[in-house]
Amino acid sequence: MLRAGSTVTCIACKNLLPSRMGVKFRVPLQKLHPFSRAIHHRYSSNNNQQRPPHCSAARHYTSLSRLPMRPHKSRSGGHGYQQHRSFWVARLAVRLLKLRYILLGSAVGGGYTAKKTYDEWKDMFPDMSQYTWIVPDFVWELSENIDLDKLASALPQLEEIAKLLPDMEKIGENFTFLKSLLSTETTGESTLRVTDVPPTSASRADSSDKQFKKSSDKERIDQLQEELLRTQLKYQRMLERLEKENKELRKVVLQKDDKGIHQRNVKKSLIDMYSEVLDILSYYDSNYNTQDHLPRVVVVGDQSAGKTSVLEMIAQARIFPRGSGEMMTRSPVKVTLSEGPHHVAMFKDSTREFDLGKEEDLAALRHEIELRMRKSVKEGQTVSPETISLSVKGPGIQRMVLVDLPGVINTVTSGMAADTKETIFGISKAYMQNPNAIILCIQDGSVDAERSIVTDLVSQMDPQGKRTIFVLTKVDLAEKNLASPSRIQQIVEGKLFPMKALGYFAVVTGKGSSNESIDSIKDYEEDFFQNSRLLRDGMLKAHQVTTKNLSLAVSDCFWKMVRESVEQQADAFKASRFNLETEWKNNYPRLRELDRNELYEKAKNEILDEVISLSQVTPKHWESILQKKLWERVSTHVIENIYLPAAQTMNSGTFNTTVDIKLKQWTDKQLPHKALEVAWETLQEEFARFMAEYKGKDQDDIFDKLKEAVKDESIKRHKWNERAMDSLRVIQHNALEDRSITDKPQWDAAIQFMEETLQSRLKDTDSIISDMVGPDWKQRWLSWTNRTPEQHIRNETKNELERLLKLHEDHTAYLANDEVTTVRKNLEARGVEVDPVLIKDTWHQLYRRHFLQKALLHCNLCRRGFYYYQRHFVDSELECNDVVLFWRIQRMLAITANTLRQQLTNTEVRRLEKNVKEVLEDFGEDTEKKGQLITGRRVQLAEDLKKVREIQEKLEAFIEALHKEK
């Protein structure tokens, strides 16, 4: 390298000028061609050799020391000088032009080469315009909605951040000093030597100097540690302030995105997609052993160890019910944490959002969680394995899925079920045995470590500690109560417990008051660790304290485990799907894969079609069925309580009076109610008939239990219109009051109705008497059967009573006491012991038969009595008032049937259809009910297929989104 002003040049620079040039000029190095400059620096050296004066062709000057060109000096002697003197200007111009062309060409070539290289690199990059849709739209308009200049001005300057950084030079000097000090002490050599001092005085001085140096070194080390701690705390405060500002900024951005600046559809977040998969897996049960091995954070610990408090600190809200010493977590609670614009919570099966910034909503959320826990616990139990699914969103919340389990207990107290301890152990093991579950082991630091139960349980489930994170809570109380703070250090270093863990953390979750807010707890935790000797003395590392660091570590571990295991779980469900599809193809090749819900919808449509078919029943069919069933229901009452007592009277006036009174009483009390019962039963029978007829049309027998249950429940809920009974009573009363038979066909119809009724009753009576007395002599000889002793007594009683009837054909319906005594004595005379009750019972049937036979004879006589009826039986010994009675009954039956038919077709069928729809809707919402009514291997196989496909599809979508996020 040549210095400015030097008269010496390198060989390469010299060769640029011809030796024949007779001028001397100074060319700065900066104006040389780049290639020449490179050669010049290569061949030049610091010790330049002295060259002869006549070889110097140019002098080098820098741009700062450039001098004007001096006129040349004439050479002494030499004829060549005069020859070239006239052309030196031209030669100089040529040389300068040539140098300019070289510079210009190099610049153009270099620019072209640079442009070509830039184009090649540009072509290597993909066209990012196709992926602009990935970036949310609101990002492109941040400059319009957010004042970036104001935000930039709010950020700290580099100088302020530099002031917070430690003085690395000072730290380096201190560490160098410490290193020299330690090396000196180990070698035993003295670093200071004192000369010209007597040995005794020198040794004393040496020892005093060493003690002073040790004390000063210790002070410097303490000062260094304090300085490092202060610097770290300042830096941490700065980071927290920046994170808070970033959190507010993200909240603003998310709020604008949530309001929908462009009204676009927001995709589900990654953690929400993963949580959906876990929800489906919680209800999945298969015979193919496809177990749920997807990761989740399982929070376990002793009762009242602070599990819920740690989870609340991570969720940044007091969302769980609290109690002093009593068990509050009675069932697993799955909490899905994700980031969102608002701090809200929502249950999986509900659309209500709880604003966690409002105390009213927080109280309502805690109350709802407590109600759900108590509802899930079965009668006689204390805890339940049913999972309550809850999602919490808010700015700055770490994304993960946690499951809060009931606290492990050592003793069952009063009020608990006897198997509570074993049940809690079973629930905890069921969650922890998942090989990909992250175990968050919570240990109460304020009690003796030897009293902990959960550490042994965790050690059994994860002996190597590859997926366990240990958390020591209530460190403030532990530091206050423990005489030896080093015990806390042993715990967080994993030396006190036999269990192993990925990491150890120490946290403070408040002062123990349930009214503390999350912000106050965070401030208290931060202040405690800033002033704690545990951190100041190095017993705890800075990254091991605060729930914030814990949350970050758990989230990182969670997503690492997810990325490592989710694809393997997807492959397992893919294999399970293949097995299920193969079984379906082999067993049900011609049936569609309908799960329980789809089968229920199909059965629901069939049942509604059957209900609608009731409207197709003709009025004539309705009235015929109603009239027949109603008479079957009331015929016994009419014969026994109306016709028979009235027939005992002596004249027609008394007969009609008795009949009118009996009919009025019957109409007021029993008849309308009986008629409505008949109508309702008829509606049920017709409904069942249509369902049975529809069943023959290729109906699936898998719906039989469901249809029967729907029919029974609909009938139970159906209530006839109360006003219908009042109106029906008036109609029936008016019908029975009418006695005018207008024509002969009506009279003949009444005669036929009466005759059929009497014959039917006579037949029934004969059958009853036959059963009472046993087989007659013909049946005994042909069938080889004998009478029982009771039948023998009844037969003898019957014969005695028949003799009495022959003697007194107009006997009343009841026997007098002396007649009963006479019959009993006559039977005793023949050796038959008989009870008076048996005599009266036998007489009742015999007299009924006798009465019905006489009534049939009278009915035949009245066939020609219509003429006398028109004359009101004047001057006639024939009285047919019983025919008029049966005509009144027959007309009442017809009018009642017509009225009931109108009520059925106009009102009750529609109400039944409404009831059926309500029952179907209730059954459709009751998953347990559907599971009981629609069962079978076919249904279960279709259910498993649907769930496995859904799980696989959601897992694949989640994996795709996970890869995009990477």
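Calculation rules
Residues numbered from 1 in each chain as written. Predicted model: local features only at pLDDT ≥ 70, side-chain atom pairs only at ≥ 80, totals over all residues. Heavy atoms only, no water. Helix = DSSP H or I, 4+ residues; strand = E, 2+ residues; numbered from the N terminus. Buried < 20%, exposed > 50% of the residue type's maximum accessible area, 1.4 Å probe, protein only. Contact = heavy atoms within 4.5 Å. Areas by Shrake-Rupley, 256 points an atom, 1.4 Å probe, with all protein chains shown as cover. Pairing = 2+ DSSP bridges. Polar contact = N/O pair within 3.5 Å; in protein donor to acceptor, adjacent residues only side chain to side chain. Disulfide = S-S within 2.5 Å. Expected span 1.5 Å × (residues − 1). Phe/Tyr/Trp six-rings, centres within 6.5 Å; stacked < 30°, edge-to-face > 60°. Lys NZ or Arg CZ within 6 Å of the ring centre and 35° of its normal. Salt bridge = Lys/Arg side-chain N within 4 Å of Asp/Glu carboxyl O. Core = buried A, V, L, I, M, F, W, Y, C linked by side-chain atoms within 4.5 Å. Patch = residues over 30% accessible without salt bridge, like charges linked within 9 Å, V, L, I, M, F, W, Y side chains within 5 Å. Lys, Arg positive; Asp, Glu negative; His and termini not counted. Charge placed at Lys NZ, Arg CZ, Asp CG, Glu CD. Arc of directions from axis to C-beta.

Peer 1: Would you mind going over the overall build of the protein chain in detail, with residue names and values included?
Peer 2: Along its length, the protein chain carries 35 helices and 11 strands. Put simply, the protein chain has 966 residues, and 40% of those count as buried. Across the protein chain, the fraction of contacts at a sequence separation of at least 24, relative to all contacts at a separation of at least 6, is 80%. Accessible surface computed for the protein chain: about 56,700 Å², of which carbon and sulfur atoms make up 52%.

Peer 1: Go over the sheet that holds strand 8 (residues 400-404), please, and point to the residues and values.
Peer 2: Sheet architecture is open: nine strands sit in the order 6-5-7-4-8-3-9-10-11, paired in mixed fashion. Each edge of the open sheet is held by one strand with a lone partner, namely strand 6 (354-355) and strand 11 (503-506). Inspection of the sheet shows strand 3 (residues 297-301) paired to strand 9 (residues 438-444) by five bridges, in the parallel sense. Its bridge partner lying in strand 9, Val299 is registered against Leu440.

Peer 1: Lay out the side chain of His811 in plain terms, naming residues and giving numbers.
Peer 2: Looking at the secondary structure, you find His811 in the loop between helix 29 (789-807) and helix 30 (817-829). Engagement of the side chain of His811 in a polar contact is seen with the side chain of Glu819, the distance being 2.9 Å. Not counting residues within four places of it along the chain, the set of residues in contact with His811 comprises Gln648, Leu805, Glu819, Trp843 and Tyr847.

Peer 1: Provide a residue-level description of the state of the cysteines, including the pertinent values.
Peer 2: If you walk through the whole model with that rule in mind, you get one disulfide. There is a disulfide in this structure between Cys862 and Cys880, and the S-S distance comes to 2.1 Å. Disulfide Cys862-Cys880: torsion about the S-S bond near -100 degrees, hence left-handed. Here Cys880 lies in the loop between helix 32 (866-870) and helix 33 (881-925) and Cys862 lies in the loop between helix 31 (836-861) and helix 32, a separation of 18 residues in the sequence. Residue classification places Cys862 among the buried residues on the basis of a relative accessible area of 0%. Judged by its relative accessible area of 0%, Cys880 falls in the buried class. Cys859 takes part in no disulfide bond, and the closest cysteine sulfur to it belongs to Cys862, at a distance of 6.9 Å.

Peer 1: An account of helix 29 is needed here, citing residue identities and associated values.
Peer 2: A rise of 1.5 Å per residue sets the reference length of helix 29, with its 19 residues, at 27 Å; its end C-alpha atoms lie 28 Å apart and thus fit the reference within 8%. Burial in helix 29 covers these residues: Gln791, Arg794, Asn795, Glu796, Thr797, Lys798, Glu800, Leu801, Leu804 and Leu805. Tucked into the core, helix 29 has its buried residues touching helix 27 (744-773), helix 30 and helix 31.

Peer 1: Tell me about the packing of aromatic side chains, and please be specific about residues and values.
Peer 2: Tallied over the full model, the rule gives 16 aromatic pairs. Look at Phe753 and Phe886: their rings are 5.9 Å apart centre to centre, the planes differ by 70 degrees, and that puts the pair in the edge-to-face class. Placement of the pair is Phe753 in helix 27 and Phe886 in helix 33, with a sequence separation of 133 residues. No difference in accessibility class separates Phe753 from Phe886, as the two residues are buried. Ring pairs connect the aromatic residues Trp631, Tyr643, Phe753, Phe851 and Phe886, which therefore count as one cluster. If you follow Arg372 out to its NZ or CZ, it ends over the ring of Phe347, 4.0 Å from the centre.

Peer 1: Describe the pattern of salt bridges, with residues and values.
Peer 2: Enumeration according to the criterion identifies 45 salt bridges in this entry. Shared partners join several salt bridges into a network, and the residues in it are Arg577, Glu581, Glu593 and Arg949.

Peer 1: Run through the nonpolar core, naming residues and quoting values.
Peer 2: Soluble globular proteins tend to bury their nonpolar side chains together. Membership of the largest hydrophobic core comes to 99 residues, with the highest contact counts inside it found for Tyr643, Trp666, Trp747, Ile889 and Val916. The greatest single-element share of this core, amounting to 17 residues, is contributed by helix 33. Ignoring anything within four residues of it in the chain, the contact list for Val916 reads Ile607, Leu608, Val611, Phe687, Val710 and Ser714.

Peer 1: Now, about a negative patch on the surface: what can you tell me, with residues and values included?
Peer 2: A grouping of Glu918, Glu921, Glu925, Asp926 and Glu928 is seen on the molecular surface, where their side chains present a negatively charged patch. When residues in the negative patch are grouped by element, the largest group, three residues, is from helix 33. In this fold, Glu928 is placed in helix 34 (residues 927-933).

Peer 1: Any chance you could break down the pairing of strand 4 (residues 333-338) for me, citing the residues and the numbers?
Peer 2: Counting buried positions along strand 4 gives six out of six residues, so the element sits mostly inside the fold. Summarising the sheet, strand 4 and strand 7 (residues 388-393) pair through six bridges and their orientation is parallel. Pairing of Lys334 across the sheet is with Ser389, part of strand 7. Two strands pair when backbone bridges link them, and strand 4 and strand 8 are joined in this way by five bridges, in the antiparallel orientation. Bridge pairing links Val335 to Leu402 in strand 8.

Peer 1: Tell me about helix 14 (residues 420-432), and name the residues and values.
Peer 2: Between its first and last C-alpha, helix 14 extends 18 Å over 13 residues, near the 18 Å set by a 1.5 Å rise per residue. Residues of helix 14 that are buried: Thr420, Ile424, Phe425, Ile427, Ser428, Tyr431 and Met432. Down the axis of helix 14, the buried side of the element spans an arc of 165 degrees, and every buried residue falls inside it. In this fold, the buried residues of helix 14 make contact with strand 3, strand 8, strand 9 and helix 15 (454-461).

Peer 1: Give me the pairing of strand 7: which residues, what numbers.
Peer 2: Sheet topology places strand 5 (residues 344-347) next to strand 7; four bridges connect them, and they run antiparallel. Bridging from a neighbouring strand, Phe347 pairs with Leu390 of strand 7.

Peer 1: Explain the environment of Leu762 to me, and be specific about the residues and the numbers.
Peer 2: Looking at where Leu762 falls in the secondary structure, it is placed in helix 27. Sequence-wise, Leu762 and Phe851 are 89 residues apart; in three dimensions their C-alpha atoms are separated by 9.2 Å. Leu762 has contacts with Arg849, Leu852, Gln853 and Leu856, leaving out every residue within four places of it along the chain.

Peer 1: Please provide a residue-by-residue account of the environment of Phe690, values included.
Peer 2: Structurally, Phe690 is set in helix 24 (residues 671-695). Along the primary structure Phe690 and Ile607 are separated by 83 residues, whereas in three dimensions their C-alpha atoms are 9.8 Å apart. Every residue in contact with Phe690, bar those within four places of it in the chain, is listed here: Glu610, Ser613, Leu614 and Val617.

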